[in-house]
Amino acid sequence: MSDPHTEHFLTGRHFLQIPGPTNVPDRVLRAMDRPVPDHRGPEMPALVGELRENLRAVFKTDRSEPVLFPGSGTGGWEAALVNTLSPGDRVLSFQNGHFARLWAEVARAHGLVVDEVQLRWGDAVGADDVQSSLRGEHRAVMIVHNETSTGVTTDVAAVRGAIDASGHDPLLLVDTVSSLGSIDFRFDDWRVDVALTGTQKGLMLPPGTAVLCVNERARAASETNTMPRYFYDWRPVIADMSRGFFPYTPATLLLFGMREALRMLLEEGLENVFVRHARLAETTRRAVGAWDLALLCREPARSSNSLTAVSVDGQADADRIVRIGHERLNIALGVGLGPLKGKVFRIGHLGWLGELEVLATLAGVELALQRAGVSVALGSGVAAAQQYLKDSA
Ligand SMILES: Cc1ncc(COP(=O)(O)O)c(C=O)c1O
């Protein structure tokens, strides 16, 4: 591939190491490489039936309903809100990053009254944050499980515990966009009412579909709430999906890819998938430690296993590091979002990837850091990463 902005000729496979979209496995690409089927035809019920069953397994729910909408995570945010709440309802959200902030914006756009607790970008939502801010009038609590802008994972079980301890009973709405299929998430155990994601991260698919999981309580709310909706009304989708169809034209080829991707996750075993991500994440953090750079996440137990946000604030322009990656090394790294622009860059390590890809990514980051003027010793991060991989094999 040649880059039109430089004289540099880029060869070899592109390294897509942003925190989503992620690399689509060849097996999934092949499953999508087929003629477009009739979405009202005889192939659909078996396909949709398997998707529902395997999505339930991935969300860890026995009894809740997976719901698919063409769209992305943003559509999932909107669907979660418009199906459960009414204009004027009060909801509680925690701004600990860019995506939590945007979801609160979606809520306000729909006439919800959002109590938005400001947290440091780089901290998780803690049980104490919930305890001190949740009140009886809150109809829903909105939590981003894994904040992709900062590389921080919130303990949803602890949030659930804090809600229970409060004696209040708001709906628990959880964004799992950069956690589902990479970091343990337990829809039933944590009594989540609505979870949402997009196809392009841990599910190892191209972008194009929002995936929700909806429990009985959330479905009951959608029968009485008054928020106007049409496309994102999940009632006809749940009804049609239970028969193997959709009330709209679905992204059919993506569904064939999804069948394959879910089979892959379940063949590897979800717990193994989580261990793989934890190990590759720790490998990355070891390299960052060896470079003597800071993680945005200060609490090690809350470090994300799907991406790492590295601060170079005061040392270099993070956007320049990302640009060097693009222009010289054929690697895509995540930029800093919102107020973090230029201060952090993000390394994605989620989805379909293994040790060598992470090592190569770290080698590329090391080179980009050097070229951007950050004083890191070449080989230092890679050596620390190799050592960890060897020791933890
Ligand atoms: C945690 C989180 N939530 C929501 C979104 C928005 O999703 P999308 O870009 O698919 O609309 C993203 C996107 O990266 C995300 O990381």
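These figures come from a predicted structure and were not determined experimentally.

Scoring rules and cut-offs
Residues numbered from 1 in each chain as written. Predicted model: local features only at pLDDT ≥ 70, side-chain atom pairs only at ≥ 80, totals over all residues. Helix = DSSP H or I, 4+ residues; strand = E, 2+ residues; numbered from the N terminus. Buried ≥ 20, exposed ≤ 12 C-beta atoms within 10 Å, placed from the backbone. Pairing = 2+ DSSP bridges. Axes fitted to C-alpha atoms, helices over the stretch in contact; angles between N-to-C directions. Contact = placed C-beta atoms within 7 Å. Expected span 1.5 Å × (residues − 1). Domains from an automatic or database assignment. Parallel < 35°, antiparallel > 145°, perpendicular 65-115°, else oblique. Left-handed = near helix turned anticlockwise from the far one by under 90°.

Enquirer: Requested: an account of unusual backbone geometry, with residues and values cited.
Expert: Cis geometry marks the peptide bond from glycine 20 to proline 21; its omega dihedral reads 0°. Mapped onto the fold, proline 21 is located in the loop between β1 (15-16) and α1 (26-32). Positive phi, close to 65°, is recorded for aspartate 292, a residue that is not glycine. Tracing the backbone through its elements, the reader meets aspartate 292 in the loop between α10 (270-290) and β11 (294-295). With 13 C-beta atoms counted inside 10 Å, the residue aspartate 292 sits in the partly exposed group.

Enquirer: How would you sum up the sheet that holds strand β2 (residues 65-70)? Please name residues and give values.
Expert: Paired through backbone hydrogen bonds, the strands of a sheet run either parallel or antiparallel to each other. Judged by pairing direction, the sheet is mixed, and its seven strands sit side by side in the order β2-β10-β9-β8-β5-β3-β4 without closing on themselves. The open sheet has two edge strands with one neighbour each: β2 and β4 (113-118). The average undirected angle you get between the axes of adjacent strands in this sheet is 20°. Here helix α2 (residues 44-59) sits on the sheet and contacts β2, β9 (194-198) and β10 (209-214); the angle it forms with β2, its principal contact strand, is near 110°.

Enquirer: Can you explain α10? Please cite residues and give values.
Expert: End to end, α10 covers 30 Å across 21 residues, agreeing with the expected 30 Å (1.5 Å per residue, within 8%). Taken together, the buried positions of α10 are occupied by Val273, His277, Leu280, Ala281, Thr283, Thr284, Arg285, Arg286, Ala287, Val288 and Ala290. On its buried face, α10 sits against α9 (252-268), β11, β12 (307-311), β15 (344-348), α12 (355-371) and α13 (380-391). Just downstream of α10 lies aspartate 292, where phi reads positive at about 65°.

Enquirer: Break down the domain arrangement of the protein chain for me, citing the residues and quoting the values.
Expert: You can read the domains of the protein chain as domain 1 (15-19 + 269-391) and domain 2 (26-267). Placing the centre of domain 1 and that of domain 2 at their C-alpha centroids yields a distance of 27 Å. With 25 residues of domain 1 in contact, the opposing surface of domain 2 contributes 22 residues. Among the elements that make up the side of domain 1 that touches domain 2, the one with the highest residue count is α10 (four residues).

Enquirer: Please give an account of the pairing of strand β5 (residues 138-144) that cites residues and values.
Expert: Side chains on a regular strand alternate between the two faces of the sheet. The buried fraction of β5 is high, at seven of seven residues. In terms of strand pairing, strand β3 (residues 90-95) meets β5 through four bridges, oriented parallel. By the bridge assignment, serine 93 is partnered in β5 with methionine 142. One ladder, built from five bridges, connects β5 with strand β8 (residues 171-175); its direction is parallel. Within β8, the residue paired with valine 144 across the bridge is aspartate 175.

Enquirer: If you had to explain the packing of α12 against α13 to someone new, which residues and values would you point to?
Expert: Running from N to C, α12 and α13 point in directions that differ by 160°, and their axes come no closer than 9 Å. It follows that α12 is roughly antiparallel to α13 by the angle criterion. For the element pair α12 and α13, the recorded crossing hand is right-handed. Residue-level contacts link Glu355, Val358, Leu359, Leu362, Ala363 and Glu366 of α12 to Gly381, Val382, Ala385, Gln386 and Leu389 of α13.

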